[in-house]
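Observations on the three-dimensional arrangement
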Amino acid sequence: FKMKHITRQFCLLLGIAVLMASCSDKKKELQQLAEENLRLSVEYPKQLDIVAISEPDSAFGFSYFSQKEKAGIVRIMKSVTDSIMKRTDNMESLDINDFYVMDLAERQMRANSDIRQMLSLATDKQEWTGWKVKIDYRAVTHHGMKYNAERWFFISRDGKAVVRTFELPLP
């Protein structure tokens, strides 16, 4: 009887270990897919510096953000606006040759457009559609200016394809 009990416990522990390893592998695969997609999308991939990659999280639609994530997005957009306003003296001394400000403003306008589009597509439907991963990174623009950003990747259920990306500039 004791041997049977030990064998069951061993099988249970082995099953848990295999499950944990497969979950860990799936997380790594999702993170690698997002990272590869990011490398393909920046102008100078060799100068890409990845600061952080989030743990994959469930997504319920390709415009789904938790309340905490929404608050973070609003906070980021406000800090970018504040940065632009400070650097341009509330737009009183806007210099179109200031590539930092012009690139930051262009990336913020693109993010605003994406936010509006995602809000218009958002539904209350709670169907699981796949995964989302966020990467914080530093890169270089075509003007040679370094910039910081965070990009969200919405990944298909099977974890094989990036379905949508969304980028926020960071000041």
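Preceding block: the structure.
Thresholds, definitions, all that
- In this numbering scheme, every chain counts its residues from 1 along its sequence in written order.
- The predicted nature of this model means local features are confined to residues of pLDDT at least 70 and side-chain atom pairs, given and counted, to a pLDDT of 80 or more, with totals for whole chains, interfaces and linings taken over all residues.
- Excluding hydrogens and water, the side-chain figures rest on all heavy atoms present in the structure.
- Patch definition: residues with relative accessible area over 30% and no salt bridge; like charges joined within 9 Å; nonpolar side chains (Val, Leu, Ile, Met, Phe, Trp, Tyr) joined within 5 Å.
- In this description, accessible areas are obtained by the Shrake-Rupley approach with a 1.4 Å probe, and a residue is regarded as covered only by the protein chains that are shown.
- In the sections that follow, a salt bridge refers to a side-chain nitrogen of Lys or Arg positioned within 4 Å of a carboxyl oxygen of Asp or Glu.
- Starting at the N terminus, helices and strands are each numbered in turn, a helix being any DSSP run of H or I of at least four residues and a strand any DSSP run of E of at least two.
- Between buried and exposed lies partly exposed: a residue is buried under 20% and exposed over 50% of the maximum accessible area for its type, with that area taken using a 1.4 Å probe on protein chains only.
- Here the positive residues are Lys and Arg and the negative ones are Asp and Glu; neither His nor the chain ends is included.
- How far a helix is expected to stretch is found by multiplying one less than its residue total by 1.5 Å.
- The arc under discussion is defined with respect to the helix axis, by the directions toward the C-beta atoms.
- Contact criterion: two residues are considered in contact whenever any of their non-hydrogen atoms come within 4.5 Å of each other.
- Here a Phe, Tyr or Trp ring, Trp counted by its six-membered ring, pairs with any other such ring whose centre lies within 6.5 Å, and the pair is stacked when the planes are under 30 degrees apart, edge-to-face when over 60, and tilted otherwise.

Moving on, we get to a nonpolar patch on the surface. Taken together, the side chains of Met-91, Leu-94 and Ile-96 present a nonpolar region at the surface, about 290 Å² in accessible area. Looking at where Ile-96 falls in the secondary structure, it is placed in the loop between α2 (67-87) and α3 (99-121). Looking at Ile-96, the relative accessible area reads 61%, which means it is exposed.

Below, the discussion takes up the pattern of salt bridges. Counting across every chain of the model gives ten salt bridges. Two residues, Glu-127 and Arg-157, come together in a salt bridge whose shortest N-O distance is 2.8 Å. Separated by 30 residues along the polypeptide, Glu-127 in the loop between α3 and β3 (130-140) and Arg-157 in the loop between β4 (146-155) and β5 (162-170) bring together distant segments of the chain. One salt bridge connects Lys-134 with Glu-150, and the closest N-O pair in it is separated by 3.6 Å. Separated by 16 residues along the polypeptide, Lys-134 in strand β3 and Glu-150 in strand β4 bring together distant segments of the chain. Relative accessible area serves as the criterion here: at 24%, Lys-134 is assigned to the partly exposed category. Residue Glu-150 is classed as buried on the basis of its relative accessible area, which comes to 6%.

Moving on to the side chain of Arg-164. As for its placement among the helices and strands, Arg-164 is situated in strand β5. The side chain of Arg-164 sits in the buried core without any salt bridge; Asp-114 is the nearest counter-charge, 4.8 Å away.

It is worth spelling out α2 at this point. With 21 residues, α2 ought to run about 30 Å at 1.5 Å a step, and its terminal C-alpha atoms sit 30 Å apart, in line with that. Listed in full, the buried residues belonging to α2 are Glu-69, Gly-72, Ile-73, Ile-76, Met-77, Val-80 and Ile-84. Projected down its long axis, α2 shows its buried positions confined to an angular sector of 135 degrees, all on one face. What points out from α2, more than 90 degrees from its buried face, is the exposed set Gln-67, Lys-68, Val-74, Arg-75, Lys-78 and Lys-86. Against β2 (57-59), α3, β3, β4 and β5 lie the buried residues of α2.

Further remarks concern the packing of aromatic side chains. To describe a pair of aromatic rings, one takes the distance between the centres and the angle between the planes. Counted under the stated rule, the structure contains five aromatic pairs. Ring geometry for Tyr-137 against Tyr-147: centres 6.1 Å apart, planes inclined by 75 degrees, an arrangement best described as edge-to-face. Linking Tyr-137 in strand β3 with Tyr-147 in strand β4, this pair joins segments that are ten residues apart in sequence. Of the residues examined, Tyr-147 reaches a relative accessible area of 11% and is grouped as buried. Here a set of aromatic residues connected by ring pairs shows up, and it is made of Phe-65, Trp-152, Phe-154 and Phe-166.

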